[in-house]
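# Examination of the molecular architecture
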Amino acid sequence: MDDKDRTFKGVLFYNQKSASELLAIENYPSDNVRDLCRELEYISSMRASVKDPVFHAMISYAYDEEVSKDDMLIHAREYLTAMGYGTQPYGVFLHTDRDHVHIHLVTTRIDRKTLKKISDSNEGWRTLKILKRMERKYGLTKSFRTQQGLVHGLNDALSDVMRTRPTNYAELAEACSQQGLTMIRSGRGVLFAFDDGEKRKPINSSDLPLFKSKPLVQRLRANRYVKRKAKDEIRQVLDELLKTPISVKDLRSKLREKGMRVAFDRNSAGIYGVRFFYKGVSVKGSEVGYSYAELKKFLILPKRTVPIHAVGRHGHHPGTPSITQVYFDTEARGARSMDDEDEDEKEKYEREQGPRLDF
């Protein structure tokens, strides 16, 4: 499908062409596609910061595979549940316009209960793992592990890898390992394979559609240039903004005026890092001279609202917020939480990296 059709109306219209059939609408009290469209649009409108809320996937069967419609629905439910969409309202459509039957699955990436974005990390790789498990469970033909299926799966997984904008082979190899891929450099070029224990011939990057228009080496070179320019511009803007103390709220606002964004990395212990986003590039604070420890020196902190002795070196008294928590809670009072702000910044960054491929 074209990107211009990646709306619920466009996707659902596509799935009602002459060679298709609605198999089911699940988790919604209507079998009318128009009603499903309205529901998906409504849920997605509650998280308007997610630009592309449409989840549209396809499960293909081998050309000689005989699968009943009931079994297809079972496969659809199991796949969507494994991907985190099992309780979402969704439609399942059977297509017979090719030499093999296949089903299309349509739902929203916004969780109907929490209204947060459902993770789309490693979708290509997760899909292959799920299909592999379903093939064994239901005795299906291993169609996705044919040469064509392998190229398609690798191309999809590498699309996710390249969205991280690796600038050299070391960064590319690391990003591949996080996606369950293996990168091999040889005299024949750069080869890729799934790191799943199966013995399969690696695929050369030149044989992947992703690198047809722009070869891998050119993409890495372009990423280096883009990232270097982005880092220089981020550093210049921060140097100017941090000449005087500034609040996190004002820092966010001023950076947005420049087309930049900031998000704080956190774990159970609290904030441990900061990242800046610009032109589809994610940059650690330390890469532009402003690690979180350094950045804090320029931020306006509110007056402490708890006694100094209440916060110890290794923690704080039960029920008593730490100084860091007081600072961010105070600033967020009457507004959205900083967690929500950071999540939005990361979602916007993901959108800048290019459209997803349907798998």
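Predicted model only: the values in this text are computed from it and were never measured.

Picture the strands of a sheet paired through backbone hydrogen bonds; they go either parallel or antiparallel. Spatial ordering of the open sheet is given by S1-S3-S4-S2, a layout of four strands whose pairing is antiparallel. This sheet does not close on itself; its edge strands, each paired only once, are strand S1 (20-26) and strand S2 (54-60). Looking at each pair of strands side by side, their axes are set apart by 20 degrees on average, direction ignored. The sheet contacts of helix H2 (residues 33-45) involve S1, strand S3 (90-95) and strand S4 (102-108), and relative to S4 the element is tilted by about 45 degrees.

Right, let's get into the pairing of strand S9 (residues 270-278). The pairing of strand S8 (residues 261-267) with S9 spans seven bridges and is classified as antiparallel. The residue of S9 that forms the bridge with Asp265 is Gly273. Counting the residues that bridge the hairpin from S8 to S9 gives two residues. When S9 meets strand S10 (residues 281-284), the two strands line up antiparallel, connected through four bridges.

For helix H6 (residues 169-178), the complete set of buried residues consists of Leu172, Ala175 and Cys176. Buried residues of H6 fall within an arc of 105 degrees about the axis and therefore sit on the same side. Turned more than 90 degrees from where H6 packs its buried face, Ala170 and Gln178 sit exposed. Measuring from the side-chain oxygen of the N-cap residue of H6 to the backbone nitrogen of Ala170 gives 3.1 Å; that N-cap residue is Asn168. Backbone geometry just downstream of H6 places Gly180 in the positive-phi region, at approximately 80 degrees.

Enumeration over the complete set of coordinates arrives at twelve salt bridges. Of the charged contacts, one joins Glu287 and Lys227 as a salt bridge, the two residues approaching to 3.8 Å between their closest N and O atoms. Residue Glu287 is located in the loop between S10 and helix H9 (292-295), and its partner Lys227 is located in helix H7 (residues 216-241); the two are separated by 60 residues in the primary sequence. Salt-bridge contacts for Arg235 lead to Asp232; the nearest nitrogen and oxygen are separated by 3.2 Å. Highlighted residues: Arg235 and Asp232, both in helix H7, separated by three residues, approximately one helical turn. In the salt-bridge network here, residues are joined through shared partners; they are Lys227, Lys231 and Glu287.

Running from N to C, helix H3 (residues 69-82) and helix H4 (residues 123-138) cross one another at 140 degrees; their axes reach a closest spacing of 10 Å. When the axes of H3 and H4 are compared, the pair comes out oblique. Taken as a pair, H3 and H4 cross one another with a handedness that is right-handed. Counted together, Ile74, His75, Glu78, Tyr79 and Ala82 of H3 and Arg126, Thr127, Ile130, Arg133, Met134, Lys137 and Tyr138 of H4 form the full contact between these two elements. Looking at side-chain class alone, the contact of H3 with H4 contains six nonpolar, two polar and four charged residues.

What follows concerns the side chain of Ser30. Tracing the backbone shows Ser30 in the loop between S1 and H2. Of the residues examined, Ser30 reaches a relative accessible area of 17% and is grouped as buried. At a separation of 3.1 Å, a polar atom in the side chain of Ser30 contacts the main-chain amide nitrogen of Asn32. Apart from residues lying up to four places away in sequence, Ser30 is in contact with Ile25 and Asp35.

Moving on, we come to helix H8 (residues 248-257). Along H8, the positions that sit buried rather than exposed are Val248, Leu251, Arg252 and Leu255. Projected down its long axis, H8 shows its buried positions confined to an angular sector of 100 degrees, all on one face. Every exposed residue of H8 that faces more than 90 degrees away from the buried side is listed here: Lys249 and Glu257. Where H8 terminates, the next one or two residues include Gly259, which has phi positive at roughly 80 degrees.

Reading the values: the criteria
Residues numbered from 1 in each chain as written. Predicted model: local features only at pLDDT ≥ 70, side-chain atom pairs only at ≥ 80, totals over all residues. Heavy atoms only, no water. Pairing = 2+ DSSP bridges. Helix = DSSP H or I, 4+ residues; strand = E, 2+ residues; numbered from the N terminus. Axes fitted to C-alpha atoms, helices over the stretch in contact; angles between N-to-C directions. Contact = heavy atoms within 4.5 Å. Buried < 20%, exposed > 50% of the residue type's maximum accessible area, 1.4 Å probe, protein only. Arc of directions from axis to C-beta. Polar contact = N/O pair within 3.5 Å; in protein donor to acceptor, adjacent residues only side chain to side chain. Salt bridge = Lys/Arg side-chain N within 4 Å of Asp/Glu carboxyl O. Parallel < 35°, antiparallel > 145°, perpendicular 65-115°, else oblique. Left-handed = near helix turned anticlockwise from the far one by under 90°. Nonpolar A, V, L, I, M, F, W, Y, C, P; charged D, E, K, R; others polar.

Read these as layout, nothing more, since geometry by itself doesn't imply function.
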